[in-house]
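Overview (structure and organization)
Letter by letter, the chains look like this.
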Amino acid sequence: MEACTPDVVMKFNPSLYFDFLTPFYDSLFKLLLPRKKIRLTTLELLEKDSSENLVELGSGTGDLILEMAHKFPKASITAIDIDPKANEILKQKLRKKSISQVNVQQAWSFDLPFEGGSVDALFASLLFCNLPLDRKHSTLEEAKRVLNEQGMLLIAEWGPPQTIIAKTGFLVLQAIGRSNITDLRKGMLQIYLQEHGFSATASQYINTLFGTLYFYRAVKLKN
């Protein structure tokens, strides 16, 4: 299969819209979202599967990747992001902490550099809210391709708001240009997962100032 390229397939936009804000991603994430609770929930869910081969899609500047490397010292971990600046920041963090088990690669989530059935677990946090509808679907199809038969897909993503504060905050996200989240607000991600051959459950959720963050755990349906 011919590799997709950023210039041909889709324009790349940094998670915070402007390239110069990328170095401040971790600080803003800690300030605006319950980072500790999100981190602990993610690691707890990943731990249940005892995976030896972990991949994070949309790893950004790698705050969670560092936690994963500490939690799963024997696992082979790959960080995937299309943002070269975020990838370089993560590489600097890994060198500073002398972490060698993490491989950082620049790639789109819908064109992964893995052979079919070669990955034990995929994780994506707040990735789908940055993707247009067609790329949501192609990312899920690509996840299905690379996961092995016992593989697990864990997604932390916005879903139907559960509180007044979450509903108000979600409207703010939509107002500042997050046009790709309207379907997530309606709970469509779980339906998309089912359409692409996954058995999916929303195992937990966390209310935040900007919406309700759901943890979707999905496994491939047996043919």
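Scoring rules and cut-offs
- Throughout this description, residue numbers start from 1 for each chain and increase along the sequence as written.
- Restriction of local features to residues with pLDDT of at least 70 applies here, the model being predicted, together with a cutoff of 80 or more for giving and counting side-chain atom pairs; totals for whole chains, interfaces and linings are based on all residues.
- In computing side-chain values, all of the structure's heavy atoms are included and hydrogens and water are not.
- Secondary structure elements follow DSSP: runs of H or I of four or more residues count as helices, runs of E of two or more count as strands, with numbering from the N terminus.
- Take the buried residues of types Ala, Val, Leu, Ile, Met, Phe, Trp, Tyr and Cys, join any two whose side-chain atoms come within 4.5 Å, and each joined set is a nonpolar core.
- Throughout this description, buried means an accessible area under 20% of the type-specific maximum (1.4 Å probe, protein chains only), exposed means over 50%, and partly exposed covers the range between.
- A contact between two residues is defined here by any heavy atoms of the two lying within 4.5 Å.
- Confidence per residue, as judged by the predictor, is encoded in pLDDT with a range of 0 to 100.
- Criterion used throughout: strands pair if DSSP finds at least two bridges between them.
- Convention adopted: a line fitted to C-alpha atoms gives each axis, helices being fitted over their contacting stretch, and angles between N-to-C directions are expressed from 0 to 180 degrees.
- The cut-offs work like this: below 35 degrees is roughly parallel, past 145 is roughly antiparallel, 65 to 115 is roughly perpendicular, and the gaps in between are oblique.
- In this scheme the crossing of two helices becomes right-handed for a clockwise turn of the near helix relative to the far one and left-handed for an anticlockwise turn of less than a right angle.
- Classification of ring pairs rests on two measures: the distance between centres of Phe, Tyr or Trp rings, Trp counted by its six-membered ring, which must be within 6.5 Å, and the angle between planes, read as stacked under 30 degrees, edge-to-face over 60 and tilted in between.

1. Details of unusual backbone geometry
- Here the phi dihedral of Ser-98 falls at roughly 55°; this positive angle occurs in a residue that is not glycine.
- Mapping Ser-98 onto the fold places it in the loop between helix H5 (84–96) and strand S3 (102–106).
- With a phi angle near 50°, Leu-126 is a residue other than glycine that sits in the positive phi range.
- Along the chain, Leu-126 turns up in the loop between strand S4 (119–125) and helix H6 (133–146).

2. Observations concerning the nonpolar core
- Counting residues in hydrophobic clusters, the biggest one holds 60 residues, and the most contacted among them are Met-68, Leu-122, Leu-153 and Leu-193.
- Per element, the largest residue contribution to this core is seven residues, and it comes from strand S5 (residues 147–159).
- Excluding residues that lie within four positions of it along the chain, Leu-122 makes contacts with Val-55, Leu-57, Ala-143, Val-146, Leu-147, Met-152, Leu-153 and Leu-154.

3. Considerations on the confidence of the model for the protein chain
- Residues at a pLDDT of 70 or more form 83% of the protein chain, whose mean pLDDT is 85.
- Confidence over residues 1–9 falls short of pLDDT 50; this stretch has twelve contacts with residues more than four positions distant or in other chains.

4. Here we look at the pairing of strand S7 (residues 211–220)
- Most of S7 is tucked away: eight of the ten residues are buried.
- In this sheet, S7 lies alongside strand S6 (residues 198–208) in antiparallel orientation, the contact comprising ten bridges. Bridging across to S7, Phe-198 finds its partner in Lys-220.
- Hairpin connection, S6 to S7: the antiparallel pair is bridged by two residues.

5. Focus: the packing of helix H3 (residues 35–47) against helix H4 (residues 63–71)
- Across the interface, H3 lies against H4 with an axial gap of 11 Å and an inter-helix angle of 45°. Between H3 and H4, the interaxial angle falls into the category oblique. Our pair here, H3 against H4, has a crossing hand that is right-handed. Every residue of H4 that contacts H3 at Arg-35, Arg-39, Thr-42, Leu-43, Leu-46 and Glu-47 is listed here: Asp-63, Leu-64, Glu-67, Met-68 and Lys-71.

6. Here's the deal with the sheet that holds S6
- Pairing within the open sheet is mixed, and its seven strands lie in the order S3-S2-S1-S4-S5-S7-S6. Every other strand in the sheet has two partners, leaving S3 and S6 as the edge strands with one partner each. For this sheet, the mean angle separating the axes of adjacent strands, direction not counted, is 15°.
- Helix-sheet contacts for H3 involve S4, S5, S6 and S7, and the interaxial angle to S6 is about 155°.
- This element, helix H9 (residues 188–195), spans S5, S6 and S7 of the sheet and lies at about 160° to S6.

7. Thoughts on the environment of Ala-79
- Relative to the elements of secondary structure, Ala-79 occurs in strand S2 (residues 76–81).
- C-alpha of Ala-79 to C-alpha of Leu-54: the two residues are 25 residues apart in sequence and 8.7 Å apart in space.
- Setting aside chain neighbours within four positions, we find Ala-79 in contact with Glu-56, Ser-59, Ile-65, Leu-90, Val-102, Asn-103, Val-104 and Gln-105.

8. Side note on the packing of aromatic side chains
- This structure, assessed with the given rule, holds four aromatic pairs.
- Between the aromatic rings of Trp-108 and Phe-110, the centroid separation amounts to 5.3 Å while the plane-to-plane angle is 15°, which identifies the pairing as stacked.
- For Trp-108, a relative accessible area of 7% translates into the label buried.
- A relative accessible area of 7% means that Phe-110 is categorised as buried.
- Seen in terms of ring centroids, Trp-158 and Phe-170 are 6.4 Å apart; in terms of plane orientation they differ by 85°. Their pairing is edge-to-face. Of this pair, Trp-158 sits in strand S5 while Phe-170 sits in helix H7 (residues 164–175); the two residues are twelve residues apart in sequence, bridging distant segments of the chain.

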